[in-house]
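# Results of the structural survey
Each chain, written out:
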Amino acid sequence: MNDAPFVLCENLVKIHKVANIEVVALQGLDLRVQRGELLGIVGSSGSGKSTLLNVLGGLDRPSAGKALVGGHNLLTMSARSLNDYRRGAVGFVWQQGGRNLVPYLTARQNVELPMLLAGRSLWHTSKRAVELLDAVGLSKRMNHTIRGMSGGEQQRAAIAIALANEPPLLLADEPTGELDSATALMIYQLFRDIQTRYGVTVIIVSHDREIARHVDRVVGIQDGKVATEIGLHTGGVMRTVLDSAGRLQLPKAVRQQYGIASQVTIETTDEGILVKPVEE
Ligand code: ADP
Ligand code: MG
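Residues numbered from 1 in each chain as written. Chains lettered and ligands numbered in written order. Predicted model: local features only at pLDDT ≥ 70, side-chain atom pairs only at ≥ 80, totals over all residues. Heavy atoms only, no water.

## Topic: the side chain of Thr 234
This is how the line gets drawn: Secondary structure is summarised from DSSP: a helix means a run of H or I of at least four residues, a strand means a run of E of at least two, and numbering begins at the N terminus for each. Buried means the residue's accessible area, taken with a 1.4 Å probe over protein chains only, is under 20% of the maximum for its type, while exposed means over 50%, and partly exposed covers the values in between. By definition, residues are in contact when any of their heavy atoms lie within 4.5 Å.
Among the secondary structure elements, Thr 234 is positioned in the loop between β10 (225-231) and β11 (239-240). Note on Thr 234: relative accessible area 9%, which makes it buried. With residues up to four places along the chain from it excluded, the contact list for Thr 234 reads Glu 229 and Arg 239.

## Points about unusual backbone geometry
Despite not being glycine, Ala 19 shows a phi value in the positive range, around 50 degrees. Within the secondary structure, Ala 19 sits in the loop between β1 (7-18) and β2 (21-33). Taking the relative accessible area as the measure of exposure, Ala 19 reaches 77% and is therefore exposed.

## A few points about the site of ligand 1
Rules: Proximity criterion: a residue is near a molecule or strand once any of its heavy atoms comes within 4 Å of it. Residues adjacent in sequence count toward polar contacts only when both atoms are side-chain atoms; beyond that, a polar contact is any pair of N or O atoms within 3.5 Å, and within protein one must be able to donate a hydrogen and the other to accept it. The Shrake-Rupley method, run with a 1.4 Å probe sphere, supplies the accessible areas, and residue values consider only the shown protein chains as cover. By the convention adopted, Pro, Cys, Tyr, Trp, Phe, Met, Ile, Leu, Val and Ala count as nonpolar, Lys, Arg, Asp and Glu as charged, and the other residues, Gly among them, as polar.
Around ligand 1, the structure places His 16, Val 18, Val 23, Ala 25, Ser 44, Ser 45, Gly 46, Ser 47, Gly 48, Lys 49, Ser 50 and Thr 51. Within the backbone of Gly 46, one N or O atom sits 2.7 Å away from an oxygen atom of ligand 1. Within the contact set of ligand 1, an oxygen atom lies 2.8 Å away from a side-chain nitrogen or oxygen of Ser 50. Protein chains shield 63% of the accessible area of ligand 1, which is 560 Å² for the free molecule. Breaking the shell around ligand 1 down by element, the ones donating at least two residues are β1, β2 and α1 (49-56). Considering every element that reaches the shell around ligand 1, the biggest residue donor is α1, with 3 residues. Classifying every residue of the shell around ligand 1 by side-chain character gives 3 nonpolar, 8 polar and 1 charged.

## Quick look at the sheet that holds β2
As a reminder of what qualifies: Only strands joined by at least two bridges in the DSSP assignment are considered to pair.
Overall, antiparallel pairing links the 4 strands, which are arranged β2-β1-β4-β5 in an open sheet. Sheet topology places β2 and β5 (72-73) at the edges, where each strand pairs with a single neighbour.

## Some remarks on the packing of aromatic side chains
The line we're drawing: Aromatic contacts are taken between Phe, Tyr and Trp rings whose centres are within 6.5 Å, Trp giving its six-membered ring; a plane angle under 30 degrees counts as stacked, one over 60 as edge-to-face, and the others as tilted.
With the rule as written, the count across this model stands at 1 aromatic pair. Seen in terms of ring centroids, Phe 92 and Trp 94 are 4.5 Å apart; in terms of plane orientation they differ by 0 degrees. Their pairing is stacked. Accessibility expressed as a relative area gives 10% for Phe 92, which makes it buried. Relative accessible area serves as the criterion here: at 11%, Trp 94 is assigned to the buried category.

## So, the nonpolar core
What counts here: Note on terminology: a nonpolar core comprises buried Ala, Val, Leu, Ile, Met, Phe, Trp, Tyr and Cys residues joined through side-chain atoms within 4.5 Å.
Ranked by size, the top nonpolar core spans 38 residues in total, and within it Val 111, Ile 159, Phe 191 and Ile 194 carry the most contacts. Looking at this core, the elements that each hand over two or more residues are β3 (38-42), α3 (107-117), α4 (122-135), α5 (151-162), β7 (169-173), α6 (181-198) and β8 (201-206). With 6 residues, the single largest contributor to this core is α6. Every residue in contact with Ile 159, bar those within four places of it in the chain, is listed here: Val 93, Val 136, Ile 187, Leu 190, Phe 191 and Ile 194. Counting 31 residues, the second largest nonpolar core, distinct from the first, contains Leu 31, Ile 41, Leu 74 and Val 219.

## Observations concerning the domain arrangement of the protein chain
Operational definition: Boundaries of every domain are those given by an automatic assignment or by a domain database.
Domain annotation for the protein chain reports domain 1 (35-61 + 76-246) and domain 2 (250-280). One C-alpha centre belongs to domain 1, the other to domain 2, and the line joining them spans 39 Å.

## Looking at α6
Quick reminder of the rule: Every helix has an expected span of 1.5 Å times one less than the residues it contains. Note: the arc covers the axis-to-C-beta directions of the helix.
Compared with an ideal rise of 1.5 Å per residue, which puts 18 residues at 26 Å, α6 spans 26 Å between its outermost C-alpha atoms and is within 8% of the ideal. Those residues of α6 not exposed but buried are Thr 183, Ala 184, Ile 187, Tyr 188, Leu 190, Phe 191, Ile 194 and Gln 195. Seen from one end, α6 has its buried residues packed into an arc of 155 degrees, which puts them on one side. Opposite the buried face of α6, by more than 90 degrees, sit the exposed residues Ser 181 and Thr 196. Buried residues in α6 make contact with β3, α4, α5, β7 and β8. At the C-terminal side of α6, Gly 199 shows a positive phi close to 70 degrees.

Structural data, given as structure tokens:
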């Protein structure tokens, strides 16, 4: 049972419908994330990264396939359970740290708010807020209003808020998108500290390939599917991922280099499988 991944997506499909137009944002995505893993997701704009996070965070319903998080089935659970899931089982950090913050309240009041709304005691709320603000490096600033804080400090406060109700899963959508590179580095390190200290599973979406240095594993998304994977377990070598039907995607750069259009020949050799372009 312990071997079951904390997040399991199989053949996950999400179709956005706007008026009469359908956009297939996730096209049969497969992903497994272990409990306590710090995962990075990269991909170009429009590849489906935010859609995936929104599905995992219960903000958006998947259209088809399988999406399980900590045993919750995001496809079949009732609207009410999904609501509870969103409030208690997941914390969100957005590109604009300010999105989850009340500007005229202090950092401490901001962190206390979600706990008070969840009906936690004043004693618990106050103790946990101080502890979390310490964990994100804001002890000295906790009685300052959010309005007067730098972008990096606001993002730290946003991380503390996301963790307030002890969710096992923390999702961050381009959390460093509006920060300079030095501040971004500190935020990446903070996610690592948080993952180590609280044992939460952390998924960070980024279009910054630098993120590879700061996470356990990076998966690359292309056209709504996981296309590549790299991490310590791959010896730092980029792997191409087969989908659940065994389809292999060749990166565009490789296709161009070898003049591969729509077909290849495959030969088995002693060393492996040889893929050759076909003259078309
Ligand atoms: P990313 O975060 O990687 O940039 P998104 O998940 O935001 O990608 O978008 C994936 C695709 O789905 C894009 O083609 C985008 O235009 C479309 N899309 C995303 N959200 C919506 C929405 N709410 N309504 C309609 N189309 C959407
Ligand atoms: Mg996005």
